[in-house]
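Coordinate analysis (summary)
So the chains spell out like this:
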Amino acid sequence: MGSGEPNPAGKKKKYLKAALYVGDLDPDVTEDMLYKKFRPAGPLRFTRICRDPVTRSHLGYGYVNFRFPADAEWALNTMNFDLINGKPFRLMWSQPDDRLRKSGVGNIFIKNLDKSIDNRALFYLFSAFGNILSCKVVCDDNGSKGYAYVHFDSLAAANRAIWHMNGVRLNNRQVYVGRFKFPEERAAEVRTRDRATFTNVFVKNFGDDMDDEKLKELFSEYGPTESVKVIKDASGKSKGFGFVRYETHEAAQKAVLDLHGKSIGGKVLYVGRAQKKIERLAELRRRFERLRLKEKSRPPGVPIYIKNLDETIDDEKLKEEFASFGSISRAKVMMEVGQGKGFGVVCFSSFEEAAKAVDGMNGRIVGSKPLHVTLGQARRRW
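Just so you know, these numbers come straight off a predicted model, no measurement behind them.

Considerations on the pattern of salt bridges
Pairing between side chains becomes possible if they bear opposite charge and their charged atoms approach one another. Scanning the model with the defined rule gives nine salt bridges in all. Two residues, lysine 36 and aspartate 32, come together in a salt bridge whose shortest N-O distance is 3.3 Å. Placement of both lysine 36 and aspartate 32 in helix α1 (residues 31-38) is noted, with a separation of four residues, approximately one turn of the helix. The exposure class of lysine 36 is exposed, given its relative accessible area of 59%. Here lysine 317 and glutamate 321 are joined by a salt bridge, their closest N and O atoms 3.2 Å apart. Pair noted here: lysine 317 and glutamate 321 are both in helix α10 (residues 315-322), with a separation of four residues, about one helical turn.

Below is the structure:
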């Protein structure tokens, strides 16, 4: 399919609608531009640019819905990585059911790629091994970061790609191709391996008077150190944590066992193995997931979105302004560095209350600014 070959019988049953996902879009691309780009491929039902529900900012992707599946397939086969607004876009079948993507089945990871290999080249390199659902070279402002992901529609296709491509030289660089691992799985592997070999120790909860020399004096008792660093802020004041790197794992382990929980200058030290970046990210994801589940457990309601808020408006003031229209389960002003970003959300218990609030508050001056208030979509859970 992605390589221009017809689908084997039954493959298309996975993609029941004639809708394509369009990714990597320039922020200035509009629905009308998508329509004009894809209309030559066949009759369209609609095009849609996805936007943030609160700020309405462009999210960099959208959808094109054709009337006929054959036209959508032709567009996928012939238009993938074409330019719109001077930037190549990625096409893939729209998948309302994201269980396959979230399962990781058929997903592979490629690293040590030459920077000249882009999404188009990657797609055609790997399409020989099976039907590709999506592929992406990870980039920053300077171009390719040298690694990528390819998601096939089957485990067999992924295994073929790994078997044939792992260790192959592409543009004089030997690439690694392996099974995609979720961050939590990779973090667990790093954690297990590093526990038996670590030499870097993380220390926190010491006083402001601690400097590099004092920290070195405290920790050098357990063995020779390679580096000792107290982390400081812009003014040169200690942030209360630092790192000690030993020459040997044995010395690091002794320091952790002996100094963790020890009282120094009236403060109880935390001393432990310094986590790798992937472990810290995995921990942040776990915290985010806990917060997300907590948010989902909030009472049901209908949100309204408020823009052009005065900088003096906080959560309590926002709730107070809208309280007369009904029962509010939540009022939230979006913040950045302790200051309101000028927009927020209020969640009412019913559609009728939310509609009254929109009618009564849209255009009303609160503080020094007229509010812009719009109705959101009802959700079972906020």
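There is more to say, and it comes next.
Description of the confidence of the model for the protein chain
Of all residues in the protein chain, 90% attain a pLDDT of 70 or more, and the chain-wide mean is 84. Here helix α3 (residues 99-103) is the element of the protein chain with the lowest mean pLDDT, 69, and α1 is the one with the highest, 94. In this model residues 1-16 is a low-confidence stretch, pLDDT under 50, and it forms 25 contacts with partners more than four residues away in sequence or in other chains.

Thoughts on the sheet that holds strand β21 (residues 339-348)
Within the open sheet, the four strands sit side by side as β20-β21-β19-β24. Their pairing is antiparallel. Two strands lie at the open edges of the sheet, namely β20 (328-336) and β24 (372-375), each paired on one side alone. Taking the axes of each pair of neighbouring strands and ignoring which way they run, one obtains an average angle of 20° across the sheet. Bridge count for strand β19 (residues 302-307) against β21 is six bridges, and the pairing is antiparallel.

Considering helix α11 (residues 351-361)
Residues of α11 that are buried include every one of Glu353, Ala354, Ala357, Val358 and Met361, and no others. For α11, the angular spread of the buried residues around the axis is 140°, confining them to a single face. Exposed residues on α11 whose side chains face more than 90 degrees from its buried face are Glu352 and Asp359. Close packing links the buried residues of α11 with β19, α10, β21, β22 (365-366) and β24.

Things to note about the sheet that holds strand β13 (residues 200-204)
Read from one edge to the other, the open sheet built from four strands follows the order β14-β15-β13-β18, with strand pairing classed as antiparallel. The strands lining the two open edges of the sheet, one partner per strand, are β14 (225-232) and β18 (270-273). Averaged over all neighbouring strand pairs, the angle between strand axes comes to 20°, with direction disregarded. Across the face of the sheet, helix α7 (residues 212-219) comes into contact with β13, β14, β15 (238-246) and β18 while running at roughly 135° to β14.

Rules used in this analysis
Residues numbered from 1 in each chain as written. Predicted model: local features only at pLDDT ≥ 70, side-chain atom pairs only at ≥ 80, totals over all residues. Heavy atoms only, no water. Salt bridge = Lys/Arg side-chain N within 4 Å of Asp/Glu carboxyl O. Helix = DSSP H or I, 4+ residues; strand = E, 2+ residues; numbered from the N terminus. Buried < 20%, exposed > 50% of the residue type's maximum accessible area, 1.4 Å probe, protein only. pLDDT = per-residue confidence, 0-100. Contact = heavy atoms within 4.5 Å. Pairing = 2+ DSSP bridges. Axes fitted to C-alpha atoms, helices over the stretch in contact; angles between N-to-C directions. Arc of directions from axis to C-beta.

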